[in-house]
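Observations on the model geometry
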Amino acid sequence: MTMVSVEDVTVRRGRRTVLDAASVQFGAGRLAVVIGPNGAGKSTLLDVAAGLLPPGTGRVLLDGQSLSSLSRRELAKRRAYLPQSPQVDWAISVERVVALGLTAHLPAFGGLPATWRERIDLALDRFDLVDLRDRPATQLSGGELARVMLARATVGDPALLIVDEPTAGLDPRHALDAARRLRTLADGGCAVIVALHDLDLAARIADDVVAMKNGRIEAHGLAETVLTDPILSDLYDIEARVSRTADGATIRFHA
Ligand SMILES: Nc1ncnc2c1ncn2[C@@H]1O[C@H](COP(=O)(O)OP(=O)(O)OP(=O)(O)O)[C@@H](O)[C@H]1O
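Not measured: the values here are computed from a predicted model.

A tally of helices and strands in the chain yields nine helices and twelve strands. What you see for the chain is a C-alpha radius of gyration of 18 Å, in line with the 18 Å of a compact globule of 255 residues. Its C-alpha atoms put the chain at 55 × 40 × 35 Å along the principal axes. Burial status across the chain gives 49% buried among its 255 residues. At a minimum sequence separation of 6, the contacts of the chain that also span at least 24 residues come to 64%. Carbon and sulfur atoms provide 48% of the accessible area of the chain, an area that totals close to 12,500 Å².

Counted according to the given criterion, the structure contains 16 salt bridges. When the shortest N-O distance is used, the salt bridge between Arg216 and Asp20 registers 3.6 Å. Highlighted residues: Arg216 in strand β10 (residues 216-222) and Asp20 in strand β2 (residues 16-27), separated in sequence by 196 residues. Its relative accessible area of 36% is what places Arg216 among the partly exposed residues. What makes Asp20 partly exposed here is its relative accessible area of 30%.

Right, let's talk about helix α5 (residues 142-154) for a bit. Counting along an α-helix, one turn takes 3.6 residues, and residues three or four places apart therefore face a common direction. In this model α5 runs 19 Å from its N-terminal to its C-terminal C-alpha over 13 residues, within 8% of the 18 Å that 1.5 Å per residue would give. When α5 is considered as a whole, its buried residues turn out to be Gly143, Leu145, Ala146, Arg147, Val148, Met149, Leu150, Ala151, Ala153 and Thr154.

The next subject is the environment of Leu112. Relative to the helices and strands, Leu112 resides in the loop between α3 (94-100) and α4 (114-126). In the structure, Leu112 is positioned ten residues away from Leu102 in sequence and 9.9 Å away in space, judged by C-alpha atoms. Apart from residues no more than four positions distant in its own chain, Leu112 is found in contact with Leu106, Arg117 and Ile120.

A few words now on the site of the ligand. Near the ligand, the surroundings consist of 13 residues, among which Arg16, Gly39, Lys42, Ser43 and Thr44 are the closest. Arg16 is positioned with one of its side-chain polar atoms (N or O) 2.9 Å from an oxygen atom of the ligand. Residue Gly41 places a main-chain N or O atom 3.0 Å away from an oxygen atom belonging to the ligand. Broken down by secondary-structure element, the contributors of at least two residues to the shell around the ligand are β2 and α1 (42-49).

Judged by pairing direction, the sheet is mixed, and its six strands sit side by side in the order β6-β7-β8-β3-β9-β10 without closing on themselves. This sheet does not close on itself; its edge strands, each paired only once, are β6 (79-82) and β10. In this sheet, adjacent strand axes meet at a mean angle of 15° when their direction is disregarded. Its contacts with the sheet place helix α9 (residues 229-236) against β3 (31-35), β9 (208-213) and β10, and it is angled at close to 35° to β9.

With 16 residues, helix α6 (residues 172-187) extends 22 Å from end C-alpha to end C-alpha; this agrees with the ideal 22 Å at 1.5 Å per step. Taken together, the buried positions of α6 are His174, Ala175, Ala178, Ala179, Leu182, Arg183, Leu185 and Ala186. Those residues of α6 that are buried are in contact with β3, α5, β7 (160-164), β8 (191-195) and α7 (199-205). Among the residues of α6, the N-terminal cap falls to Asp171, whose side-chain oxygen and the backbone nitrogen of Arg173 are separated by 3.1 Å. Following α6 by one or two positions, Gly189 adopts a phi angle in the positive range, close to 115°.

Counting residues in hydrophobic clusters, the biggest one holds 62 residues, and the most contacted among them are Ile35, Leu161, Leu182, Val192 and Leu232. In terms of residues, this core owes the most to one element, α5, which gives seven residues. Once you skip the residues sitting within four places of it in the chain, Leu161 turns out to touch Ala80, Ala153, Thr154, Leu182, Leu185, Cys190, Ala191, Val192 and Ile193. Residues Val9, Leu19, Leu70 and Ile193 belong to the second largest nonpolar core, which totals 32 residues.

Relative to β10, β9 is paired through six bridges, and the arrangement is antiparallel. Among the inter-strand pairings, Met212 is bridged to a residue of β10, identified as Ile217. Here β9 folds back onto β10 in antiparallel fashion, the turn holding two residues, of which Asn214 has a positive phi close to 50°.

The buried fraction of β8 amounts to five of the five residues, a majority that puts the element mostly inside the structure. The side-chain alternation of β8 yields two buried faces, one formed by Ala191, Ile193 and Ala195 and the other by Val192 and Val194. As defined by bridge partners, β3 adjoins β8 across four bridges and the pair is classed as parallel. Pairing of Leu31 across the sheet is with Val192, part of β8. Considered for its hand, the β-α-β crossover made up of β7, α6 and β8 is right-handed.

Rules used in this analysis
All residue numbers here refer to positions counted from 1 along the written sequence of the relevant chain. Reporting in this predicted model follows two pLDDT cut-offs: at least 70 for local features of residues, and 80 or more for side-chain atom pairs to be given and counted; totals over whole chains, interfaces and linings ignore these cut-offs and use all residues. Each side-chain value is derived from all of the structure's non-hydrogen atoms; neither hydrogens nor water enter the calculation. Secondary structure elements are defined from DSSP: runs of H or I of at least 4 residues count as helices, runs of E of at least 2 residues count as strands, and each element is numbered from the N terminus. Radius of gyration here is computed from C-alpha atoms only, and the compact-globule reference equals 2.2 Å multiplied by the residue count raised to the power 0.38. Buried residues are those whose accessible area, probed at 1.4 Å on protein chains only, stays under 20% of the maximum for their type, while exposed residues exceed 50% and partly exposed ones sit between those limits. By definition in these notes, contact holds between two residues if any of their heavy atoms fall within 4.5 Å. What sets the accessible areas is the Shrake-Rupley method with a 1.4 Å probe; for residues, cover comes only from the shown protein chains. Any Lys or Arg side-chain nitrogen located within 4 Å of an Asp or Glu carboxyl oxygen qualifies as a salt bridge. In a helix, the anticipated span is given by 1.5 Å times the number of residues less one. Summary of the distance rule: residues count as near a molecule or strand when at least one heavy atom falls within 4 Å of that molecule or strand. For the purposes of these results, a polar contact is taken to be a pair of N or O atoms within 3.5 Å, where, inside protein, one atom must be able to donate a hydrogen and its partner to accept one; residues adjacent in sequence count only when each atom of the pair is a side-chain atom. Whether two strands pair comes down to DSSP finding at least two bridges between them. Lines fitted to C-alpha atoms define the axes, with helix axes restricted to the stretch in contact, and inter-axis angles between N-to-C directions lie between 0 and 180 degrees. In this text, buried Ala, Val, Leu, Ile, Met, Phe, Trp, Tyr and Cys residues form a nonpolar core when linked through side-chain atoms within 4.5 Å. Crossovers are described as right-handed under a simple rule: with the strands pointing away from the observer, the path leading from the first strand over the helix to the second runs clockwise.

Here you go:
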């Protein structure tokens, strides 16, 4: 079943068209990576798919229902969204930040049910945060905070997870680890949409790739059909060479 369907969506910012008649579908149990140069419109597409930016024209459906018809709580229960460079504005413990990811699922009043505590423990463990649970989130390194935000986004087991550059600032071990977690979530049935600049990582984890440039979707489909020399060379205006490896591909650019 298709989870998210972006249908002929155009978004304008001022006089500029930053998303131009974009149509693409994201399926349950699949991990789609959105690639493209700076300013291509990746974050705009993610914002539209997350229901955070209303399309100027066109529509976005989640399991056949228009996103604009869903209540904010219903949307928050079903999809999690993690923006590029998220911030924490005041001192709050790591554990509390992760617990915020459950807000839409919890009763509006009363204590935290025990089952949800287990979920928080699991999320902390998954992202290697157990030792940091009582630390103020304002006192973490950029990479530690990125892991906390991934834990928050995934603690409620969303059906749709949208993540903008989740590995920026992560060291190689934690970047690979975060990418594997996203892969595992997709394998468990979640529709995962990730914007990534790291194309080698994209080749490792993606089922599908959406290639964007100048607000347009230039190509989309199975990762191996999009991550090719001609498509990447056109996309980035620099010669690209893709070498297939056992667990994905290595992509090199030549000036
Ligand atoms: N709030 C805004 N007002 C006006 N223009 C904007 C706004 N946000 C984004 N844009 C423009 O829209 C275009 C697409 O931006 P977007 O953030 O979607 O690109 P991106 O592919 O995610 O880029 P990057 O790889 O640099 O994160 C860019 O040209 C950007 O300057």
